[in-house]
Amino acid sequence: MKRINITKTEPHAYKAMLGMEQYVRNSAIPHLLRELIKIRASQINGCAYCIDMHTQEALKIGETQRRIFALPAWKESPLFTEEERAVLQLTEEVTLIAKDGVSDETYNKVLGFYGKNVLAQIIMQIIVINAWNRIAVSTHQVFGEE
């Protein structure tokens, strides 16, 4: 069954989301790290649209296929830095916030690596990709289709 296109049905809502996207795009979070956040949250949320989009973007800006393939198992993989691991843990905890919330350990690790402002930006990036995931999954968006 064909579902609504929020961009066309509620353009003001879409414009508001684009404002949030622009904010995180202009943040101090390194571009590759932003894409890792987006891919990991999208994997957890089962958002094929966003996984497709953000893996392509990550490859375009220099991420390796090997690290993208290892992302679902980042905890066991030696391919990620301690800073990336902290951010990926935060990504999982915020994405699955109803499960156990965000632990003090995870929060403080990211704070220690990045400071208050970038921590705030990372949290907002996680929130924004989770919102995009929910839009894409609930409306059955397919990357490349209008």
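As the structure is a computational prediction, the values presented were derived from the model and not from experiment. (Residues numbered from 1 in each chain as written. Predicted model: local features only at pLDDT ≥ 70, side-chain atom pairs only at ≥ 80, totals over all residues. Heavy atoms only, no water.)

### What to know about the packing of helix α3 (residues 31-45) against helix α8 (residues 104-139)
Between two packed helices, both the angle of their axes relative to each other and the distance between the axes serve to describe the pair.
Line of reasoning, step 1. Orientation of α3 relative to α8, taken along the N-to-C sense of each, is 40°, at an axis distance of 9 Å. One finds that α3 runs oblique with respect to α8. Every pair of crossing elements has a handedness; the one defined by α3 and α8 is right-handed. Contacts between α3 and α8 involve L33, R34, I37, K38, A41, S42 and N45 from the former and Y114, I122, Q125, I126, I129, N130, N133, R134 and V137 from the latter.
Line of reasoning, step 2. In terms of residue class, the contact of α3 with α8 is made up of eight nonpolar, five polar and three charged. (Axes fitted to C-alpha atoms, helices over the stretch in contact; angles between N-to-C directions. Helix = DSSP H or I, 4+ residues; strand = E, 2+ residues; numbered from the N terminus. Parallel < 35°, antiparallel > 145°, perpendicular 65-115°, else oblique. Left-handed = near helix turned anticlockwise from the far one by under 90°. Contact = heavy atoms within 4.5 Å. Nonpolar A, V, L, I, M, F, W, Y, C, P; charged D, E, K, R; others polar.)

### Things to note about the state of the cysteines
Line of reasoning, step 1. Enumeration according to the criterion identifies zero disulfides in this entry.
Line of reasoning, step 2. Counting only cysteine sulfurs, C50 is the nearest neighbor of C47, a cysteine outside any disulfide, at a range of 3.4 Å. (Disulfide = S-S within 2.5 Å.)

### A few points about helix α4 (residues 48-60)
Line of reasoning, step 1. End to end, α4 covers 18 Å across 13 residues, agreeing with the expected 18 Å (1.5 Å per residue, within 8%).
Line of reasoning, step 2. Restricting attention to buried positions, one finds in α4 the residues Y49, C50, H54, T55 and A58.
Line of reasoning, step 3. As for α4, its buried residues are in contact with α3, α5 (65-70) and α8.
Line of reasoning, step 4. G62 lies just past α4 and shows a positive phi near 110°. (Expected span 1.5 Å × (residues − 1). Buried < 20%, exposed > 50% of the residue type's maximum accessible area, 1.4 Å probe, protein only.)

### As for the packing of aromatic side chains
Line of reasoning, step 1. All chains considered together, the criterion is met by one aromatic pair.
Line of reasoning, step 2. Centre to centre, the rings of Y14 and W132 are 5.7 Å apart; their planes meet at 65°, and the pair counts as edge-to-face. Remark: W132 occurs in helix α8 and Y14 occurs in helix α2 (residues 11-25); sequence separation between them is 118 residues.
Line of reasoning, step 3. The exposure class assigned to W132 is buried, which follows from its relative accessible area of 14%. (Phe/Tyr/Trp six-rings, centres within 6.5 Å; stacked < 30°, edge-to-face > 60°.)

### Focus: unusual backbone geometry
Line of reasoning, step 1. For H140, which is not glycine, the phi torsion reads 55° and is therefore positive.
Line of reasoning, step 2. Mapped onto the fold, H140 is located in the segment after α8.

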